[in-house]
Number of protein chains: 2
Amino acid sequence: MQPANKMAVLKSFIDAKGLKSTSQRDFIAETFFKTNTHISLDELLSKVRKKTPNIGYATVYRTMKLLSECGLAIARQFGDGQTRYENLPEDGHHDHIICIKCAKIAEFQNPKIEQLQIEAAKKLGFTVVNHKLELYGYCPDCA
Amino acid sequence: MQPANKMAVLKSFIDAKGLKSTSQRDFIAETFFKTNTHISLDELLSKVRKKTPNIGYATVYRTMKLLSECGLAIARQFGDGQTRYENLPEDGHHDHIICIKCAKIAEFQNPKIEQLQIEAAKKLGFTVVNHKLELYGYCPDCA
DNA sequence: ATGAAAATGAAAGTTAATATCATTTAAGGA
DNA sequence: TCCTTAAATGATATTAACTTTCATTTTCAT
Ligand SMILES: [Mn+2]
Ligand SMILES: [Mn+2]
Ligand SMILES: [Zn+2]
Ligand SMILES: [Zn+2]
């Protein structure tokens, strides 16, 4: 989805909930939609403050919470103690592999693993709603 | 491994590092070795204080850190904001499925998934050192 | 334009983890 | 057994990320 379309989705979500539009939130969202990393609130705040220095941390926090609610952002925790956000991926769900030396993050999709997860759960009588799969190891540069 | 053997492993780790034995640490470790759940520091502290009411949180914290270091305990984070510890499993590594309604935790082993993880990483040039796989969904009672 | 309701930003509060520090304790050697 | 010294303890303080509060500002339907 293009950033412009994402803005439209956000607008309708805001309308549907009876919320109001603000320049701060729009700018934070636009800035986030342009990212293609796994960005922390502090990082996003810095980015946003380059153009709009008086935006507050709480507004960035609340905006990302809103984007997560309406599915445009995904919150991730890679174990470094900070929540990171990424844009809803074009091509569906993916999982992550993180370099334990340089913190590089790579993404992968693996339908077989997904299927085996569902089966493993079924054996225990569980139904899977979501999951978290993170591999930790060394990237090509750090191996 | 029996609790008694675990105590022996802990003793040798303590000796090797030039640390000293204490009754508090021994009792915390013994208490932990008897658990078969995924226990938080607060829960373990309560358990310990039933017999030894004056043991401090910090000592439990430091003991579990030590047990993690010497491989007798595994620290887990299931996304509820608290670190939980479990005994080193008899039968090797396992992953978890957590009920999003009642918080029940089930465990499973799946060599196929493990193998596919390694292969997925390899395709990206990564080598896997460890991983985290958690399924979230509904348990049989909550489905 | 007006007024109700939402949004903002600064500041305060929360919570789990971690560090500090005065005091106590363990353990090897005199 | 008595010292000595380094480690352990427990109370308390600090940290860090998140979350809430609140006075003020802004939006937007009327
Ligand atoms: Mn990603
Ligand atoms: Mn387990
Ligand atoms: Zn790397
Ligand atoms: Zn359940």
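Residues numbered from 1 in each chain as written. Chains lettered and ligands numbered in written order. Predicted model: local features only at pLDDT ≥ 70, side-chain atom pairs only at ≥ 80, totals over all residues. Heavy atoms only, no water.

**Re the coordination of the manganese ion (ligand 2)**
All names here are of chain B. The coordination sphere of the manganese ion (ligand 2) contains the protein donors H38 (NE2), E86 (OE), E86 (OE), H94 (NE2), H96 (NE2) and E107 (OE), at a distance range of 2.0 to 2.6 Å. Between the six donor atoms coordinating the manganese ion (ligand 2), the angles at the centre fall across 53 to 171 degrees, so the site counts as irregular. Taking relative accessible area as the criterion, H94 reaches 5% and is therefore assigned buried. (Donors = N, O, S within 2.8 Å, 3.2 Å for Na, K, Ca; no water. Tetrahedral: all angles 85-135°; square planar, octahedral: opposite > 155°, others 65-115°. Buried < 20%, exposed > 50% of the residue type's maximum accessible area, 1.4 Å probe, protein only.)

**A short note on the packing of aromatic side chains**
According to the stated counting rule, one finds two aromatic pairs over all chains in the structure shown. For the pair A:F32 and A:F33, a centre-to-centre distance of 6.0 Å together with 55 degrees between the ring planes defines the contact as tilted. (Phe/Tyr/Trp six-rings, centres within 6.5 Å; stacked < 30°, edge-to-face > 60°.)

**A short note on the protein's contact with DNA strand C**
The immediate surroundings of DNA strand C are formed by 20 residues, with A:K20, A:T22, A:T59, A:R62 and B:T83 found nearest. Here a base nitrogen of DNA strand C sits 2.4 Å away from a polar atom, N or O, in the side chain of A:K20. Within the side chain of A:T59, one N or O atom sits 2.5 Å away from a phosphate oxygen of DNA strand C. Contributions of two or more residues to the surface near DNA strand C are made by α2 (23-33) and α4 (57-69) of chain A together with α4 (57-69) of chain B. (Near = heavy atom within 4 Å. Polar contact = N/O pair within 3.5 Å; in protein donor to acceptor, adjacent residues only side chain to side chain. Helix = DSSP H or I, 4+ residues; strand = E, 2+ residues; numbered from the N terminus.)

**Details of the domain arrangement of chain A**
All names here are of chain A. For chain A, the assigned domains read domain 1 (3-87) and domain 2 (95-137). Each of domain 1 and domain 2 has a C-alpha centre, and the two are 25 Å apart. Each side of the interface is counted separately: domain 1 has six residues, and domain 2 has seven residues. In total, about 500 Å² of surface goes out of reach between domain 1 and domain 2, with carbon and sulfur atoms giving 55% of it. Taken as a group, H38, Q77 and F78 account for 82% of the area that domain 1 buries against domain 2, more than any other trio of residues on that side. In this structure, the connection of domain 1 to domain 2 is made through zero salt bridges. For the pair domain 1 and domain 2, the interface holds five residue pairs in polar contact (both at pLDDT 80 or more). Considering only residue class, the side of domain 1 that touches domain 2 consists of one nonpolar, three polar and two charged. (Domains from an automatic or database assignment. Contact = heavy atoms within 4.5 Å. Buried area = accessible area lost by both parts, 1.4 Å probe. Salt bridge = Lys/Arg side-chain N within 4 Å of Asp/Glu carboxyl O. Nonpolar A, V, L, I, M, F, W, Y, C, P; charged D, E, K, R; others polar.)

**Things to note about the sheet that holds strand β5 (residues 105-108) of chain B**
Adjacent strands of a sheet form backbone hydrogen bonds with each other and so pair up, either parallel or antiparallel. Spatially, β5(A)-β4(A)-β6(A)-β6(B)-β4(B)-β5(B) is the arrangement adopted by the six strands of the open sheet, whose pairing is mixed. The sheet terminates laterally at β5 (105-108) of chain A together with β5 of chain B, the two strands that pair on one side only. Between one strand axis and the next, the sheet turns by 20 degrees as a mean value, whatever way the strands run. For strand β4 (residues 95-99) of chain A and strand β6 (residues 127-138) of chain A, the ladder comprises four bridges, and the chain directions are parallel. Residue A:C99 lies in a different strand from β6(A), and its bridge partner there is A:G137. Along the sheet, helix α5 (residues 111-123) of chain A makes contact with β4 and β6 of chain A together with β4 (95-99), β5 and β6 (127-138) of chain B, crossing β6(A) at roughly 125 degrees. (Pairing = 2+ DSSP bridges. Axes fitted to C-alpha atoms, helices over the stretch in contact; angles between N-to-C directions.)

**With respect to the interface of chain A and chain B**
Taken residue by residue, the interface counts 32 residues in chain A and 32 residues in chain B. When chain A packs against chain B, the two sides together hide about 2,700 Å² of surface, and 72% of this comes from carbon and sulfur. Broken down residue by residue, the surface that chain A buries against chain B is led by A:L116, A:F126 and A:K132, which jointly contribute 22%. Where chain A meets chain B, there are zero salt bridges. The interface formed by chain A and chain B holds eight residue pairs in polar contact (both at pLDDT 80 or more) in total. Contributions of two or more residues to the side of chain A that touches chain B are made by β4, β5, α5 and β6 of chain A. Its residues assigned to classes, the side of chain A that touches chain B comprises 20 nonpolar, seven polar and five charged.

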